[in-house]
Amino acid sequence: MKEKEKKLPDCEVEITLMMMSERWRVLIIRELLSGTKRFGELKKTLNGISQKVLTANLRAMETQGLLTRKVYAEVPPRVEYTLTEDGKSLKSVLTAMAVWGEHYRQKYQEK
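Residues numbered from 1 in each chain as written. Predicted model: local features only at pLDDT ≥ 70, side-chain atom pairs only at ≥ 80, totals over all residues. Heavy atoms only, no water.

**Here we look at the pattern of salt bridges**
Inspection of every chain in the model, using the stated rule, returns 6 salt bridges. For Glu-31, the salt bridge is made with Arg-30, and the minimal N-O distance between the two is 2.7 Å. Take Arg-30: its relative accessible area is 41%, and that puts it in the partly exposed class. Measuring nitrogen to oxygen at the nearest pair gives 2.9 Å for the salt bridge that ties Arg-105 to Glu-102. Residue Arg-105 and its partner Glu-102 are both found in helix H6 (residues 91-109); the two are separated by 3 residues, about one turn of the helix. Judged by its relative accessible area of 45%, Arg-105 is partly exposed. Within the structure, one salt-bridge network assembled from shared partners comprises Glu-74, Arg-78 and Glu-80. (Salt bridge = Lys/Arg side-chain N within 4 Å of Asp/Glu carboxyl O. Buried < 20%, exposed > 50% of the residue type's maximum accessible area, 1.4 Å probe, protein only. Helix = DSSP H or I, 4+ residues; strand = E, 2+ residues; numbered from the N terminus.)

What follows is the structure, encoded as structure tokens:
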């Protein structure tokens, strides 16, 4: 059974967490919110991610319908990743996380 076909949890918060559960997925979404990116561009901007982990996350996110993958018949092959409308709709979630993180940093960094 594909990941998309699995029964989703009853809790809406749990569904959101499931889609963004991996640390790297949130950062991949953040990078793709500015537009289509190639694999190498994503690897460069995501400091510390291995090729294997990036590939696994991109595949899972494609299966979940968060992004699309386009392969160009060129030598060397060119592959581009773009957020789907569902992926783009997570922008408000990331914005809320960033606002909360900034408030938290300001509150506890001063101590």
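**Regarding the side chain of Arg-25**
On the secondary structure map, Arg-25 appears in helix H2 (residues 23-32). Among the polar contacts made by the side chain of Arg-25, one reaches the side chain of Gln-64 at a distance of 3.2 Å. Apart from the residues lying within four places of it in its own chain, the contact partners of Arg-25 are Met-18, Met-19, Asn-57, Ala-60, Met-61 and Gln-64. (Polar contact = N/O pair within 3.5 Å; in protein donor to acceptor, adjacent residues only side chain to side chain. Contact = heavy atoms within 4.5 Å.)

**Considerations on H2**
Of all 10 residues in H2, 7 are buried, a share of seventy percent or more. What H2 keeps buried is the set Trp-24, Arg-25, Val-26, Ile-28, Ile-29, Glu-31 and Leu-32.

**So, the packing of aromatic side chains**
Each aromatic ring pair is summarised here by two numbers: the centre-to-centre distance and the angle between the ring planes. By the definition in use, this model includes 2 aromatic pairs. Taken together, a centroid distance of 5.1 Å and an interplanar angle of 15 degrees make the contact between Trp-100 and Tyr-104 stacked. On the criterion of helical spacing, the pair formed by Trp-100 and Tyr-104 is a turn pair, its members being 4 residues apart in helix H6. Here Trp-100 falls in the exposed class, since its relative accessible area comes to 58%. For Tyr-104, a relative accessible area of 44% gives the class partly exposed. Consider the rings of Tyr-104 and Tyr-108, whose centres lie 4.6 Å apart with planes at 40 degrees: the pair is tilted. Here the residue Tyr-104 and the residue Tyr-108 both occupy positions in helix H6, the gap between them amounting to 4 residues, near one helical turn. An aromatic cluster of at least three residues, connected via ring pairs, comprises Trp-100, Tyr-104 and Tyr-108. (Phe/Tyr/Trp six-rings, centres within 6.5 Å; stacked < 30°, edge-to-face > 60°.)

**Description of the environment of Gln-51**
With respect to the helices and strands, the residue Gln-51 is situated in helix H4 (residues 51-63). Apart from the residues within four sequence positions on either side, Gln-51 is in contact with Phe-39 and Lys-43.

**Comments concerning the nonpolar core**
Formed by 21 residues in total, the largest nonpolar core has its most connected members in Ile-28, Leu-54, Leu-58 and Tyr-81. Residue contributions to this core peak at 5 residues, all from H2. (Core = buried A, V, L, I, M, F, W, Y, C linked by side-chain atoms within 4.5 Å.)

**Comments concerning the UniProt feature "domain: HTH hxlR-type" (unreviewed entry) in the protein**
The sites that carry the UniProt feature "domain: HTH hxlR-type" (unreviewed entry) are, in the present numbering, residues 11-109. Here residues 11-109 runs as 62% helix and 14% strand, with 33 Å between its end C-alpha atoms. (UniProt positions renumbered as here; feature names shortened; annotations may be inferred.)

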